[in-house]
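Letter by letter, the chains look like this.
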There are 4 protein chains.
Amino acid sequence: MSSSPSSRGRPRDPRSHEAIVDAATELVTEVGYAATSIGAVAARAGVGKDTVYRRWRGKPELVFEAVFTTTDHAPTPDTGTLAGDLTALLRGLIDEFHAPAAAAALPGLLADFAADPVLKARIRSDFLAPSKERLQIVFERAAERGEIATETPVDLVLDTLAGAVFFHIGLVGEHPDPQLAGRLAAVIAKGIEIR
Amino acid sequence: MSSSPSSRGRPRDPRSHEAIVDAATELVTEVGYAATSIGAVAARAGVGKDTVYRRWRGKPELVFEAVFTTTDHAPTPDTGTLAGDLTALLRGLIDEFHAPAAAAALPGLLADFAADPVLKARIRSDFLAPSKERLQIVFERAAERGEIATETPVDLVLDTLAGAVFFHIGLVGEHPDPQLAGRLAAVIAKGIEIR
Amino acid sequence: MSSSPSSRGRPRDPRSHEAIVDAATELVTEVGYAATSIGAVAARAGVGKDTVYRRWRGKPELVFEAVFTTTDHAPTPDTGTLAGDLTALLRGLIDEFHAPAAAAALPGLLADFAADPVLKARIRSDFLAPSKERLQIVFERAAERGEIATETPVDLVLDTLAGAVFFHIGLVGEHPDPQLAGRLAAVIAKGIEIR
Amino acid sequence: MSSSPSSRGRPRDPRSHEAIVDAATELVTEVGYAATSIGAVAARAGVGKDTVYRRWRGKPELVFEAVFTTTDHAPTPDTGTLAGDLTALLRGLIDEFHAPAAAAALPGLLADFAADPVLKARIRSDFLAPSKERLQIVFERAAERGEIATETPVDLVLDTLAGAVFFHIGLVGEHPDPQLAGRLAAVIAKGIEIR
DNA sequence: TTCTAAACGAGACGGTACGTCTAGTCTTCTT
DNA sequence: AAGAAGACTAGACGTACCGTCTCGTTTAGAA
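All values reported here derive from a predicted model rather than from experimental measurement.

Participant: Looking at this model, I keep getting lost on the overall build of chain A. Mind explaining?
Facilitator: Secondary structure summary: chain A contains 10 helices and 0 strands in total. Helices and strands in chain A line up, N terminus first, as α-α-α-α-α-α-α-α-α-α. Taken over the C-alpha atoms alone, chain A extends approximately 65 × 40 × 30 Å along its principal axes. Pairs at least 24 apart in sequence give 72% of the contacts found in chain A among residues at least 6 apart. Counting every atom, chain A has about 9,700 Å² of accessible surface; 54% of that belongs to carbon and sulfur. Of the charged side chains in chain A, 21 are positive and 26 negative; the average position of the first set lies 6 Å away from that of the second.

Structure below.
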């Protein structure tokens, strides 16, 4: 997709990339998403503005990468029950959203993604992708155990879970009730169970 | 709420108020929340910028009032079952959020509210207040019927419902699946029912 | 000049006039001419803005009256020599221009007068009028004594004197050299004397 | 004088500088000094406001440069008599002040310079500097010829001349009496001559 | 080597919005 | 009708970012 994998000319310095991502994370945490500007990120990273724009199309893409690309590698939970798996999944989601930079960035980030048609299309595919993948597996196993129907809608449940977490973490409180994952998982699991 | 109910001096012109609210609604619908500026609202309303700032502290407060102060007066549903009441409630929420101006404003509006500590405190009290009130009544009636426990957490359910609707309307699709309200209500109702 | 000397309705309160003039003088002295606004003057005088606009067309007229209508009543000097009379006249001019409010207002006031055609026409007739009257008499006496020609141009000399004083007081220094009046008078007197 | 002679980064475009100065000159001439705003200058020059503020601290500095930096290169007159030299000097001063843009800007410009302590200090050093230099030389030659005393005060005479010209050009008339230079020079020359 | 081309730090560039201020007018109730 | 209060339209203020552009310089692979 990028212009050319050409090796002509000076190669991009990987240290710049890292410095920019670090600076973005710090700034978002310190001053919030709205007050974080590309110029300020570049200045803190000791880098020219073009060096940022060369790698990312804008603030939303940069901050998304800076803030949400660490937790993809958690294993899919397998506790033996749907409620248990959902609880584990939710705990992961809450942990991810509750990291200082993530919590600070979340609402503004979603707003910017939603405002741009190109980015909007990526919300589910990029933003929720890792969670959806794991939820899919959890559902398959639950269906095999006969807990839920095979046609249980993954997206509906995922949006519901993500929405609830977003409202709690991003909009309402600083304090993520430690029982939130369990209570929410219990409601949803019971709600979609057969019987 | 405003500074003083003083009757001294020239009273504020209600036509300005209305013209500003109308202009804000139109602009948000046409160009989106981010591209809506106080200056442009004032210009379209045929009003000086001060006249806007005299009534609202900034864009978030103005757009919130412009976009979300029409539907407070829907009656509390009473269908005889929890699932039915929740479906009706959700349909109202979806209708409110799906209005063109509301859908356009929602993500940016929530982001701005979340970014300001003062406004953040008002999200639940002002933003979700009307819905919460009705949900509370629905829960009380369901508890009387023995469908749910008396201590069922209203806020948890409300956040879950609002979060799911927000994700669907604001972030994902233009088209709110007409069955969304029913399916979601069924899951939640079943999830919190006794037994 | 005003609409009608009608005695209908409530008569203007003379205390307002005085309070406005005092407030204008104070503000000009404290914050300077440019930063003095009609609104601020009215507020300090405890008066509505209209009460100011009802009496003066704008800031220049108000400040002019506030700052330059005290010294009209000095007697015409009569020392027996042209140089002596000019010295006395200049000392009066310097004293008038060097008063705190006058020195603070002078440059801005002249700029506003010069920018408005209506006011521009009044600079010489109103602003320099009292000085010109006295200078005329001094010249007539000097002509009778045979010191100067009868057709000596009053305006040219007056502008020269006023310009020199303006440059010293308004633009250059805070400290008006106490010998300025004498030295300037000596040059001019010698310059226009016969022989 | 400006921030840094640094060669780092993109150099300032000289065409912007010229376009701004031209636009300022035109606007001052057309609408006057007070009605000339930085925003309007930038718009007419086809330039962003920052590009103006990057080069000048404000309107006074900009207009001063736009309007008064052309005539520095006139040769010092040498007619053989003090009166002749002064006449030539005054004619130059009158020509400079009487240019459309200069006449329009003069009073407001002096007012703004006088109101700011930093600029005030520059009135004599920058504004009157070229004239003073030439007057100094004229005085030296006149002293050598024995027409005036060696200690004749340059500043006093310069302020007197400039004040007179300012009053005539800037405040009183559009029409600079063609004989003004000669008449004024005659008075001053005679006034400071020995005997 | 020398050449070519891209990356880089820096900062200028044309725009646009901000939130505050003032101008001069208008509209209310009170004296 | 004057007065105090304050709302009204209009528009300038100086600052901050946006995303792009031009500089001079550096760093590589290709000729």
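From this point, the narrative continues.
Participant: Quick question: what am I supposed to make of the protein's contact with DNA strand F here?
Facilitator: DNA strand F sits among 47 residues. The nearest are Arg55(B), Arg10(C), Asp13(C), Arg55(C) and Tyr53(D). Backbone sugar and phosphate groups make up 66% of those atoms of DNA strand F lying within 4 Å of the protein. Within the side chain of Asp50(A), a nitrogen or oxygen atom sits 2.8 Å from a base nitrogen of DNA strand F. Elements represented by at least two residues in the surface near DNA strand F include exactly helix 2 (38-45) and helix 3 (49-53) of chain A, helix 3 (49-53) of chain B, helix 3 (49-53) of chain C together with helix 2 (38-45) and helix 3 (49-53) of chain D. Looking at the surface near DNA strand F residue by residue, the classes come out as 10 nonpolar, 16 polar and 21 charged.

Participant: In this structure, what is going on with the interface of chain C and chain D? I would like to understand it.
Facilitator: When the parts come together, some accessible area is lost, and that loss is often what is quoted as the size of the interface. Counting residues at the interface gives 34 residues for chain C and 34 residues for chain D. Here chain C packs against chain D, burying approximately 2,900 Å² in sum over the two surfaces, 72% of which is carbon and sulfur. Along the contact surface separating chain C from chain D lie 0 salt bridges. Taken together, chain C and chain D are joined by 4 residue pairs in polar contact (both at pLDDT 80 or more). Sorting the residues of the side of chain C that touches chain D by element identifies helix 6 (100-115), helix 7 (117-127), helix 9 (154-172) and helix 10 (180-192) of chain C as the ones contributing at least two each. Top element by residues in the side of chain C that touches chain D is helix 9 of chain C. It accounts for 12 residues. Broken down by class, the residue content of the side of chain C that touches chain D amounts to 20 nonpolar, 6 polar and 8 charged.

Participant: Help me understand the packing of aromatic side chains in this model?
Facilitator: Following the criterion strictly, the structure yields 34 aromatic pairs over all chains and no others. Consider the rings of Phe166(A) and Phe166(B), whose centres lie 5.1 Å apart with planes at 5 degrees: the pair is stacked. Taken together, the positions of Phe166(A) in helix 9 (residues 154-172) and Phe166(B) in helix 9 (residues 154-172) put the pair across two chains. Of the two residues examined, Phe166(A) and Phe166(B), each falls in the buried class. Measuring from ring centre to ring centre gives 6.1 Å for Phe166(C) and Phe167(C), while their planes differ by 80 degrees; the resulting arrangement is edge-to-face. Take Phe167(C): its relative accessible area is 1%, and that puts it in the buried class. In this structure an aromatic cluster arises from ring pairing among Phe64(A), Phe68(A), Phe97(A), Phe113(A) and Phe127(A). Sitting over the face of the ring of Tyr33(C), Lys59(C) holds its NZ or CZ atom 4.4 Å from the ring centroid.

Participant: Help me understand the relation of the copies chain C and chain D, please; the structure alone is not making it clear to me.
Facilitator: Relating one copy of the chain to the other takes a rotation about an axis and a shift parallel to that axis. For the pair chain C and chain D, the superposition axis carries a translation of 0.0 Å, the fit reaches an RMSD of 0.2 Å, and the rotation angle comes to 180 degrees. The symmetry that links the two subunits is that of a two-fold axis. By residue overlap, the copies meet face to face through one surface: 100% of the interface positions of chain C are interface positions in chain D.

Participant: Honestly, the domain arrangement of chain A in this entry has me stumped. Any pointers?
Facilitator: All names here are of chain A. Structurally, chain A comprises domain 1 (14-67) and domain 2 (71-192). On a C-alpha basis, the centroid separation for the pair domain 1 and domain 2 is 27 Å. Domain 1 puts 10 residues into the contact, and the matching count from domain 2 is 13 residues. Between domain 1 and domain 2 the total buried area reaches about 1,000 Å² when both faces are included, carbon and sulfur atoms providing 78% of it. At the surface where domain 1 touches domain 2, the tally comes to 0 salt bridges.

Participant: Please clarify how the confidence of the model for chain A should be interpreted in this entry.
Facilitator: As a general rule, the predicted coordinates of low-pLDDT regions are not to be interpreted in detail. All names here are of chain A. Put simply, chain A has an average pLDDT of 91, and 94% of its residues get 70 or more. The least confident element of chain A is helix 7 (residues 117-127), whose mean pLDDT is 87; the most confident is helix 2, at 98. When the criterion is pLDDT under 50, residues 1-5 qualifies, and its contacts beyond four places in sequence or with other chains add up to 0 contacts.

Participant: Please explain the arrangement of the chains as it appears in this structure.
Facilitator: Across all C-alpha pairs, the smallest distance from chain A to chain C is 33 Å, and the two are not in contact. At their nearest point, the C-alpha atoms of chain B and chain C are still 10 Å apart, with no contact between the two.

Participant: What is the right way to look at the interface of chain B and chain A in this model?
Facilitator: Taken together, the 34 residues of chain B in the interface contact 34 residues of chain A. Both faces combined, the contact of chain B with chain A buries some 2,900 Å², and carbon together with sulfur accounts for 72% of it. Of all residues in chain B, Leu156(B), Phe167(B) and Lys190(B) give up the largest surface area on contact with chain A, accounting jointly for 21% of the area buried on that side. Our count for the chain B to chain A interface comes out at 0 salt bridges. Connecting chain B to chain A are 4 residue pairs in polar contact (both at pLDDT 80 or more). The set of elements that each furnish at least two residues to the side of chain B that touches chain A consists of helix 6 (100-115), helix 7 (117-127), helix 9 and helix 10 (180-192) of chain B. Across the side of chain B that touches chain A, the residue classes tally to 20 nonpolar, 6 polar and 8 charged.

Participant: What exactly am I supposed to notice about the UniProt feature "DNA-binding region" (unreviewed entry) in chain A here?
Facilitator: As recorded in UniProt, the feature "DNA-binding region" (unreviewed entry) lies at residues 37-56 of chain A. For residues 37-56 of chain A, helix accounts for 65% and strand for 0%, while the C-alpha atoms at its two ends are 13 Å apart.

Participant: Help me understand the pattern of salt bridges in this model?
Facilitator: Side chains that differ in charge, positive against negative, can pair when their charged atoms come close. Under the definition given, this model contains 44 salt bridges over all chains. When salt bridges with common partners are traced through the structure, they connect Arg124(A), Lys132(A), Asp155(A) and Asp159(A) into a single cluster.

Participant: Is there a simple way to think about the protein's contact with DNA strand E in this case?
Facilitator: For DNA strand E, the set of nearby residues contains 44 residues, the closest of which are Asp13(A), Arg55(A), Tyr53(B), Asp50(C) and Arg55(D). When the atoms of DNA strand E within 4 Å of the protein are grouped by moiety, sugar and phosphate amount to 60% of the total. Contacts to DNA strand E include Arg55(A), whose side-chain N or O atom sits 2.4 Å from a phosphate oxygen. Arg10(D) places a polar main-chain atom, nitrogen or oxygen, 3.3 Å from a sugar or linking oxygen of DNA strand E. Counting residues per element, the ones that place at least two in the surface near DNA strand E are helix 2 (38-45) and helix 3 of chain B, helix 2 (38-45) and helix 3 of chain C together with helix 3 of chain D. In the surface near DNA strand E, the residues fall into 9 nonpolar, 15 polar and 20 charged.

What counts, and at which threshold
- Within any chain, residue numbers begin from 1 and follow the written order of that chain's sequence.
- Chains carry letters and ligands carry numbers; both start at the beginning, A for chains and 1 for ligands, and go up in the order they are written.
- Local features in this predicted model are restricted to residues whose pLDDT is 70 or higher, and side-chain atom pairs enter the listing and the counts only when it is 80 or higher, whereas totals over whole chains, interfaces and linings include all residues.
- Values reported for side chains reflect all heavy atoms of the structure, with hydrogen atoms and water molecules removed beforehand.
- Here a helix means four or more residues in a row that DSSP labels H or I, a strand means two or more in a row labelled E, and each is numbered from the N terminus.
- Every residue pair with non-hydrogen atoms within 4.5 Å of one another is taken to be in contact.
- To measure how exposed things are, a 1.4 Å probe is used in the Shrake-Rupley method; for residues, cover is taken only from the protein chains shown.
- The charge count includes Lys and Arg as positive and Asp and Glu as negative, but it does not include His or the ends of the chains.
- Each charge is placed at NZ for Lys, CZ for Arg, CG for Asp and CD for Glu.
- Nearness here has a simple test: a residue counts as near a molecule or strand if at least one of its heavy atoms is within 4 Å of that partner.
- Pairs of N or O atoms are called polar contacts if they sit within 3.5 Å, as long as, within protein, a hydrogen donor faces a hydrogen acceptor (for residues adjacent in sequence, only side-chain-to-side-chain pairs).
- Three classes are used, and their members are as follows: Ala, Val, Leu, Ile, Met, Phe, Trp, Tyr, Cys and Pro are nonpolar, Asp, Glu, Lys and Arg are charged, and the others, Gly among them, are polar.
- We define buried area as the total accessible area lost by two parts upon association, computed with a 1.4 Å probe and summed across both.
- Each salt bridge in this description consists of a side-chain nitrogen of Lys or Arg and a carboxyl oxygen of Asp or Glu lying within 4 Å of one another.
- Pairing of aromatic side chains requires ring centres within 6.5 Å, counting the rings of Phe and Tyr and the six-membered ring of Trp. Pairs whose planes differ by under 30 degrees are stacked, by over 60 edge-to-face, and all others tilted.
- Using a 1.4 Å probe on the protein chains alone, a residue whose accessible area is under 20% of its type maximum counts as buried, one over 50% counts as exposed, and one in between counts as partly exposed.
- Either the NZ atom of lysine or the CZ atom of arginine qualifies as a charge over a ring when it sits within 6 Å of the ring centre and within 35 degrees of the ring normal.
- Least squares is the method used to superpose the copies, on C-alpha atoms of residues holding a pLDDT of at least 70 in both.
- Domain delimitation in this document rests on an assignment produced automatically or drawn from a domain database.
- The score called pLDDT rates the predictor's confidence residue by residue, from a low of 0 to a high of 100.
- UniProt positions are given in the numbering used here, feature names are shortened, and annotations may be inferred rather than shown by experiment.

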